[in-house]
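As a plain string of letters, each chain reads:
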Amino acid sequence: MPKVGMEPIRRKALIDATIAEIGEAGSLDVTVTQIAKRAGMSSGLAHHYFGSKEQIFLAAMRHILRSYGDHVRGELAKVSQPKDRLETIIAASFHPLNFTDEAISAWLNFYVYARTTPDAKRLLEVYGRRLHSNLMSNLIQLLSRRRAEHVAQGLAAMIDGFYIRHALQENAPIRSEVIAITQEYLRQNLAHPKQ
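(A) Quick look at the nonpolar core. Core analysis: the largest hydrophobic core is formed by 61 residues, its most contacted members being Phe94, Phe110, Leu135 and Leu139. Take this core: its biggest share by element is eleven residues, from helix H4 (residues 53–76).

Right under this line is the structure:
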């Protein structure tokens, strides 16, 4: 007889194991058996909770996106000025909870996965729209709409780009440098709004 209340705990363990396995493998070329073993359960139980490897990957992606979104919202609640909010979005995007080796590897693989999997594509589109909306709602208070669009695109490209660089390069800048570079881009654009 199954233990009452174990399902959320086991689902979380499988999601964490999925992220860890993808991070270790550096690809989505992991099996449900590997994931289940890392989570300390049978592959049958993993299939019971998620149905397929694709659904486990999507659950892991949702978890990463939810954690990222929760963290950004929590940090934004602490500041009110548009420039401070923009700097907070940048810092939160590279927060140690979001910018781990496992999460970075998972992000890179999910970017690729989204090219062929409609549900994954939809999740990444939601992330992209939220990031753009968060950036624009603050930039529009400081720049013209046209300029704000350009700067929002640049900031989003830098945020996503540094994740890709960290997944692919051994000599990518460390977290504090990534934040400093991205915030410097923001400051330069705010200092010269007409360019």
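(B) The pattern of salt bridges, seen in detail. Scanning the entire structure with this criterion turns up nine salt bridges. Across the salt bridge formed by Arg73 and Asp70, the nearest N and O atoms sit 2.6 Å from each other. Residue Arg73 and its partner Asp70 are both found in helix H4; the two are separated by three residues, about one turn of the helix. Note that Glu75 and Lys78 form a salt bridge whose closest N and O atoms lie 3.1 Å from each other. On the basis of relative accessibility, which here comes to 61%, the residue Lys78 falls in the exposed class. Among the charged side chains, a network of salt bridges with common partners joins Lys83, Glu87, Glu184 and Arg187.

(C) The arrangement of the packing of helix H1 (residues 6–25) against helix H2 (residues 32–39) in detail. It is at 8 Å that the axes of H1 and H2 come closest, and there the two elements cross at 120°. Taken together, the axes of H1 and H2 lie oblique to each other. In this structure, H1 meets H2 at a crossing whose hand is right-handed. Only Gln34, Ile35, Ala36, Arg38 and Ala39 of H2 make contact with H1, whose side of the interface consists of Ala13, Leu14, Ala17, Thr18, Ala20, Glu21 and Glu24. Across the contact of H1 with H2, the residue classes break down as seven nonpolar, two polar and three charged.

(D) Fine view of the side chain of Glu21. Within the secondary structure, Glu21 sits in helix H1. With a relative accessible area of 9%, Glu21 lands in the buried category. If near-sequence neighbours (up to four positions away) are discounted, Glu21 is found in contact with Val30, Gln34, Ile35 and Arg38.

(E) Structural context of the confidence of the model for the protein. Averaged over every residue, the pLDDT of the protein is 91; residues scoring 70 or more account for 96%. Per-element confidence in the protein is highest for helix H5 (residues 82–93), whose mean pLDDT is 96, and lowest for helix H6 (residues 101–114), whose mean pLDDT is 86.

How each quantity is defined
Residues numbered from 1 in each chain as written. Predicted model: local features only at pLDDT ≥ 70, side-chain atom pairs only at ≥ 80, totals over all residues. Heavy atoms only, no water. Core = buried A, V, L, I, M, F, W, Y, C linked by side-chain atoms within 4.5 Å. Buried < 20%, exposed > 50% of the residue type's maximum accessible area, 1.4 Å probe, protein only. Helix = DSSP H or I, 4+ residues; strand = E, 2+ residues; numbered from the N terminus. Salt bridge = Lys/Arg side-chain N within 4 Å of Asp/Glu carboxyl O. Axes fitted to C-alpha atoms, helices over the stretch in contact; angles between N-to-C directions. Parallel < 35°, antiparallel > 145°, perpendicular 65-115°, else oblique. Left-handed = near helix turned anticlockwise from the far one by under 90°. Contact = heavy atoms within 4.5 Å. Nonpolar A, V, L, I, M, F, W, Y, C, P; charged D, E, K, R; others polar. pLDDT = per-residue confidence, 0-100.

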